[in-house]
Amino acid sequence: MAFALHSYPVVYRAKFRQNEWKGEYLEKPHKTPAEEAALTQDEQEALADSRNRYEDMPLVSFTTQYGLSCFEGLKALPQQDGGLALFRPDQNAARFYRSMKGLYMPPFPEEEFLRACLETVQRNVRLGFRPWYKPEWEKDSFASADSVYIRPFTYAEGGIGVSLSQEPWVMVITSPVSSYFSGGRSEAVVTDRIRATPQGTGWIKAASNYVISALAKHEANAAGFMECIYLDATHRRYVEEGSSCNIFFYLRSGELVTPALGDTILPGITRASIIELARDQGVQVAERPIALEEVFAEARECFVSGTAAGATPIESLTYHERKVIFNQGKVGELTAALRDTLKGIQYGTLPDTKGWMIPVG
Ligand SMILES: *Cc1c(COP(=O)(O)O)cnc(C)c1O
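Residues numbered from 1 in each chain as written. Predicted model: local features only at pLDDT ≥ 70, side-chain atom pairs only at ≥ 80, totals over all residues. Heavy atoms only, no water.

A. The side chain of N92, seen in detail. Checked against the element boundaries, N92 lands in helix 4 (residues 89-102). Within the local environment of N92, its side chain forms a polar contact with the side chain of E72, the two groups lying 2.8 Å apart. (Helix = DSSP H or I, 4+ residues; strand = E, 2+ residues; numbered from the N terminus. Polar contact = N/O pair within 3.5 Å; in protein donor to acceptor, adjacent residues only side chain to side chain.)

B. Summary view of the pairing of strand 3 (residues 74-78). Counting buried residues in strand 3 gives 5 out of 5 residues, a clear majority hidden from the surface. Burial of strand 3 is two-sided: the residues L74, A76 and P78 facing one way and the residues K75 and L77 facing the other way are all buried. Alignment of strand 3 against strand 5 (residues 147-155), held across 3 bridges, turns out to be antiparallel. Considered in strand 5, the bridge of A76 is made with V148. Between strand 3 and strand 4 (residues 84-87), which pair antiparallel in sequence order, lie 5 residues; one of them, G82, sits at a positive phi of approximately 100°. (Buried < 20%, exposed > 50% of the residue type's maximum accessible area, 1.4 Å probe, protein only. Pairing = 2+ DSSP bridges.)

C. Here's a closer look at the domain arrangement of the protein chain. Per the domain assignment, the segments of the protein chain are domain 1 (10-177) and domain 2 (187-347). Here domain 1 and domain 2 have C-alpha centroids that lie 26 Å from each other. Between domain 1 and domain 2, the residue contacts involve 29 residues of the former and 22 residues of the latter. Overall, the association of domain 1 and domain 2 removes approximately 2100 Å² of surface from exposure, summing both partners, and the carbon and sulfur fraction of that is 62%. On inspection of domain 1 and its partner domain 2, the count reaches 0 salt bridges. In this structure, the connection of domain 1 to domain 2 is made through 10 residue pairs in polar contact (both at pLDDT 80 or more). Mapped onto the side of domain 1 that touches domain 2, the elements with two or more residues apiece are strand 3, helix 4 and strand 5. Counting residues per element, the side of domain 1 that touches domain 2 draws most heavily on helix 4, at 6 residues. Looking at the side of domain 1 that touches domain 2 residue by residue, the class counts come to 12 nonpolar, 11 polar and 6 charged. (Domains from an automatic or database assignment. Contact = heavy atoms within 4.5 Å. Buried area = accessible area lost by both parts, 1.4 Å probe. Salt bridge = Lys/Arg side-chain N within 4 Å of Asp/Glu carboxyl O. Nonpolar A, V, L, I, M, F, W, Y, C, P; charged D, E, K, R; others polar.)

D. Spotlight on the pattern of salt bridges. Within the structure shown, the criterion is met by 19 salt bridges. Where K22 meets E20, a salt bridge forms, and the shortest distance between an N and an O atom there is 3.1 Å. Exposure remark for K22: the relative accessible area of 56% places this residue in the exposed category. R339 is the salt-bridge partner of D340, the closest N and O atoms lying 3.1 Å from each other.

E. Quick look at the pairing of strand 1 (residues 10-17). Counting buried residues in strand 1 gives 7 out of 8 residues, a clear majority hidden from the surface. One ladder, built from 8 bridges, connects strand 1 with strand 2 (residues 20-27); its direction is antiparallel. The partner of R17 across the bridge, within strand 2, is E20. Adjacent in sequence and paired antiparallel, strand 1 and strand 2 are bridged by 2 residues, among which Q18 carries a positive phi angle near 45°. Direction of pairing for strand 1 relative to strand 6 (residues 169-177): antiparallel, over a ladder of 4 bridges. Looking at strand 6, one finds that R13 is bridged to M171.

F. Geometry of the sheet that holds strand 17 (residues 357-359). Here we have 7 strands laid out as an open sheet, ordered 2-1-6-5-3-4-17, and antiparallel in their pairing. Because the sheet does not close on itself, it has two edges, and the strands there are strand 2 and strand 17. Ignoring which end each strand starts from, the neighbouring axes of this sheet average 25° apart. Bridge count for strand 5 against strand 6 is 9 bridges, and the pairing is antiparallel. Counted as the bridge partner of T154 is V170 from strand 6. Contacts from helix 4 reach strand 2, strand 3, strand 4, strand 5, strand 6 and strand 17, with the element oriented near 20° to strand 5. (Axes fitted to C-alpha atoms, helices over the stretch in contact; angles between N-to-C directions.)

G. Summary view of a nonpolar patch on the surface. Taken together, L59, V60, Y66, I160 and V162 make up a surface patch of nonpolar side chains, about 540 Å² in accessible area. Structurally, Y66 can be placed in helix 3 (residues 62-66). Residue classification places Y66 among the partly exposed positions, given a relative accessible area of 37%. (Patch = residues over 30% accessible without salt bridge, like charges linked within 9 Å, V, L, I, M, F, W, Y side chains within 5 Å. Areas by Shrake-Rupley, 256 points an atom, 1.4 Å probe, with all protein chains shown as cover.)

This is the structure in structure tokens:
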């Protein structure tokens, strides 16, 4: 049980039946956070494991057999004022709705999604399960900051024929997280694998998309890289995104480019936020196709974006025998500015002028 998922005890679960959603909160086995911290490693793993069991849900389902499921990922961030706040959860609610519709499931109402995310965090906080703001996080731009990861997802009813989910569950689990990319290295490699194809499900946060990503990321890590970057399926020429993050290039011309959305690119909420923040800072931003050739010739900075990654600088990109090093391997000025602005808003050290932060009451 070396890698048990250490989720917080309160979980939200809704089921679609007879044309309506019925939601409930489940309180899984737990002690107080202090008592849990005092347990032996094995006891902690056993407790974590018991929180991840649902005896009343089917094992053989369209989710476990065919990967028919979609999910979301968002964070509740500890604030300087002592509270917790969610970053743009309305956007996750809208994307989850679109993902479920894209998989021909009955979509989950956006207001209920919002309420479930906030209340799941809140109920765990009431039991003492939460991180607290630490001023020392400010020293490294929140690279070592803790937060609550919120993972809403769908789970299909029992079945074995290849079919659609008509009466899915929607669940919201939470777990403590710290920074995504550990260690200082941030070298990326272009993978020959194809993540998403035209007319496929690349635009949906669909569970099945992540099999290719896990394989490609494993191969990249085994070759000594932190991240892998995908090219488009048709021309094998245009950069699309990272394993589970969007990508940006700051060109010598002063233009910040990120691939245009289509059916193969996941519409990241961090991506949209960074585009807005960059434009606010007077940077010219283009959403357009960008060929690997152009990256090799013109890019001076590169970073990936996502809920887990924030805005993470990429120091180099390797494609077969070729390698480009961005900004002499140092974090670029624009990358750092955008990363710091985003983190500042998220942790409450900068004013939230856009109303992006929703406090956990
Ligand atoms: C989730 C995800 C992203 C980033 O989306 P955010 O909303 O910014 O977290 C980017 N690409 C893929 C493939 C993803 O799954």
